[in-house]
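Survey of secondary and tertiary structure
Spelled out, the chains give:
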Amino acid sequence: METPGALIRVGMAESSASKAPATLITSGLGSCIGVALYDPLAKVGGMCHVMLPDSSQARASENRAKFADTAIPDILERLESLGARRERLVVKVAGGAQMFNFGRGDDRFAIGRRNAEAVRSALKQAGLRIAAEDTGGSHGRTMIFDVSSGRVFIRTIEGGEAEL
Amino acid sequence: MRDLSAIELDALKEVGTVGAGNAATVLSSLLGQRVPMTVPEARLLPISMVPDVVGGAEAEVVGVCLSVTGDAPAAILFLLLLHDGQKLVRQLLGGAAPEQITFNEFERSALGEVTNILSGAYLQALSEFTGLSFAPSPPAFAHDMAGALLDTVFAEIGQVGDYALLIDTEFMTGDQGVKGHFFLVPDPEGLTTILQALGVREWRPREL
């Protein structure tokens, strides 16, 4: 797809927000979750690449963008500082796959599902509804978010690119 | 805050080289031909830099993951770019090199077995250097984007490690070279345990 404006790469355990025109992209989501938040009126968008559900076990100095429960409130604050209004936000969520199957119910490897649950609950707590979601399964995803149009695309190795 | 000194990096590289020696012996007898292996590089790097090492987060790779329990819990991930994975499978199983994209059960288990051999060899070397004991799980295979495999391993093991020990590994069989990336990702306590046992006294993570 076209990528109008600046191309902003959101790395593992990072968040970023921008006014249009810009394209936010996070590549290779596995068990991690990509969250795209868009205010269509202010034309402001944000994206998170969340790695883990819960910051309560984190060390003090740790990066807040890594965890669902801290990344969501932080990106909302950042979006509001750019002129977005919470009640207008359109939220799309992707990722949370289980990439490896050890075939013995190893709970450590169910983190994708736990990440998705934690993101949903953090969004709910912030009073936000999810407009579209593509989570689970066992494949990686790249999430591309055009802040000018609010359109979000998911790219996979098997399926190419499709709008979410 | 400081990085690892040259001596400490040498210790890590030495672990890699001894491990590669062990692995080459096992692979050579398995394949009935000499399989020289080298370790061009061994280093400790922040996980945010790892996708770039393997050609970017969207690079198509095959990967085999093991979880390791014992004195220093960790995950192991052996990653190969798709064409290197195909080459290695051909070398292991013989036959021509069809440009197939998917890997069947037999091919997956062959790559799993190579990862078992490498893991056993590196962990044995690490065990000899440190006196620590390690117990790897059976392997699990995936074929997808590098970033997707890496973030999974880092999130799931890394409750939450910020560093990965990378041992680049190069095999030669016949006139073909195959490059693989062997990652040992210890959990945070595991990393401290390993470095202390290697004689690294004052290592502390850099601020990320």
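First, a word on scope: everything that follows refers to the structure included in this document.

Side note on the sheet that holds strand β7 (residues 130-135) of chain A
All names here are of chain A. Across the sheet, which stays open at both edges, the five strands sit in the order β2-β5-β4-β6-β7 with mixed pairing between neighbours. In this open sheet, the two edge strands, each paired with only one partner strand, are β2 (15-19) and β7. Strand-to-strand twist across the sheet, computed as the mean angle between neighbouring axes with direction ignored, equals 10°. In this fold helix α2 (residues 111-125) packs onto β4 (33-39), β5 (44-50), β6 (90-95) and β7, with an angle of close to 25° to the strand it touches most, β4.

Section: the nonpolar core
A:Met51, A:Phe100, A:Met143, B:Leu150, B:Phe154 and B:Phe183 are the most contacted members of the largest nonpolar core, which has 50 residues in total. Among the elements that line this core, the one with the most residues is helix α5 (residues 146-157) of chain B, at seven residues. B:Val39, B:Ala72, B:Phe171 and B:Val178 belong to the second largest nonpolar core, which has 49 residues in total.

Side note on the interface of chain A and chain B
Taken residue by residue, the interface counts 36 residues in chain A and 37 residues in chain B. Connecting chain A to chain B are one salt bridge. In this structure, the salt-bridge partner of A:Arg155 is B:Glu58, at a minimum N-O distance of 2.7 Å. Summed over the shared surface of chain A and chain B, the result is seven residue pairs in polar contact (both at pLDDT 80 or more). Elements supplying a minimum of two residues to the side of chain A that touches chain B: β3 (22-29), α2, β8 (141-146) and β9 (152-156) of chain A.

Comments concerning the sheet that holds strand β1 (residues 6-9) of chain A
Residue and element names in this part refer to chain A. In spatial order, the strands read β1-β3-β8-β9-β10; together these five strands make up an open sheet with mixed pairing. The sheet is open, and its two edges are formed by β1 and β10 (160-163), each paired on a single side. Adjacent strand axes in the sheet meet at a mean angle of 20°, parallel and antiparallel pairs treated alike. The sheet contact formed by β3 and β8 spans five bridges and is antiparallel. Each residue of the ladder has a partner; that of Leu 29, found in β8, is Arg 141.

Points about the side chain of A:Ser31
Looking at the secondary structure, you find A:Ser31 in the loop between β3 and β4. Excluding its chain neighbours within four sequence positions, the residues that come into contact with A:Ser31 are A:Gly96, A:Ala97, A:Ile111, A:Gly112, A:Asn115, B:Ala148, B:Asp151, B:Thr152, B:Ala155 and B:Glu156.

Quick word on the pattern of salt bridges
For the structure on display, the rule yields 11 salt bridges over all chains. Between A:Arg155 and A:Glu161 there is a salt bridge, and its shortest N-O distance comes to 3.0 Å. Under the relative-accessibility criterion, A:Arg155 is labelled partly exposed at 26%. Accessibility expressed as a relative area gives 31% for A:Glu161, which makes it partly exposed. The partner of B:Lys87 in a salt bridge is B:Asp84, with the nearest N and O atoms 3.8 Å apart. In this pair, B:Lys87 and B:Asp84 are both assigned in helix α3 (residues 82-93), three residues apart and thus about one turn of the helix distant. Judged by relative accessible area, B:Lys87 falls into the partly exposed class, the value being 26%. Salt bridges linked by common partners bring A:Arg155, A:Glu161 and B:Glu58 together as one network.

Considering helix α1 (residues 68-81) of chain A
All names here are of chain A. If you check α1, its first and last C-alpha atoms are 20 Å apart, about what 14 residues at 1.5 Å a residue would give, namely 20 Å. What α1 keeps buried is the set Ala 68, Thr 70, Ala 71, Ile 72, Ile 75, Leu 76 and Leu 79. On its buried face, α1 is in contact with β2, β4, β5 and α2. Where α1 terminates, the next one or two residues include Gly 83, which has phi positive at roughly 105°.

Quick word on unusual backbone geometry
Residue and element names in this part refer to chain A. Cis rather than trans, the peptide bond between Ala 20 and Pro 21 has omega equal to -5°. One non-glycine residue, Lys 43, adopts positive backbone phi at about 50°. Here Lys 43 shows up in the loop between β4 and β5. Residue class for Lys 43 comes out partly exposed when judged on its relative accessible area of 37%.

Considering the packing of α1(A) against α2(A)
Residues and elements named next belong to chain A. For the pair α1 and α2, the least separation of the axes is 9 Å and the interaxial angle reads 40°. The orientation of α1 relative to α2 falls into the category oblique. Classified by chirality, the crossing of α2 by α1 is right-handed. Together, Ala 68, Asp 69 and Ile 72 of α1 and Ala 118, Val 119, Ala 122 and Leu 123 of α2 make up the contact between the two elements. Taken together, the residues that form the contact of α1 with α2 break down as six nonpolar, no polar and one charged.

Parameters at a glance
Residues numbered from 1 in each chain as written. Chains lettered and ligands numbered in written order. Predicted model: local features only at pLDDT ≥ 70, side-chain atom pairs only at ≥ 80, totals over all residues. Heavy atoms only, no water. Pairing = 2+ DSSP bridges. Helix = DSSP H or I, 4+ residues; strand = E, 2+ residues; numbered from the N terminus. Axes fitted to C-alpha atoms, helices over the stretch in contact; angles between N-to-C directions. Contact = heavy atoms within 4.5 Å. Core = buried A, V, L, I, M, F, W, Y, C linked by side-chain atoms within 4.5 Å. Buried < 20%, exposed > 50% of the residue type's maximum accessible area, 1.4 Å probe, protein only. Salt bridge = Lys/Arg side-chain N within 4 Å of Asp/Glu carboxyl O. Polar contact = N/O pair within 3.5 Å; in protein donor to acceptor, adjacent residues only side chain to side chain. Expected span 1.5 Å × (residues − 1). Parallel < 35°, antiparallel > 145°, perpendicular 65-115°, else oblique. Left-handed = near helix turned anticlockwise from the far one by under 90°. Nonpolar A, V, L, I, M, F, W, Y, C, P; charged D, E, K, R; others polar.

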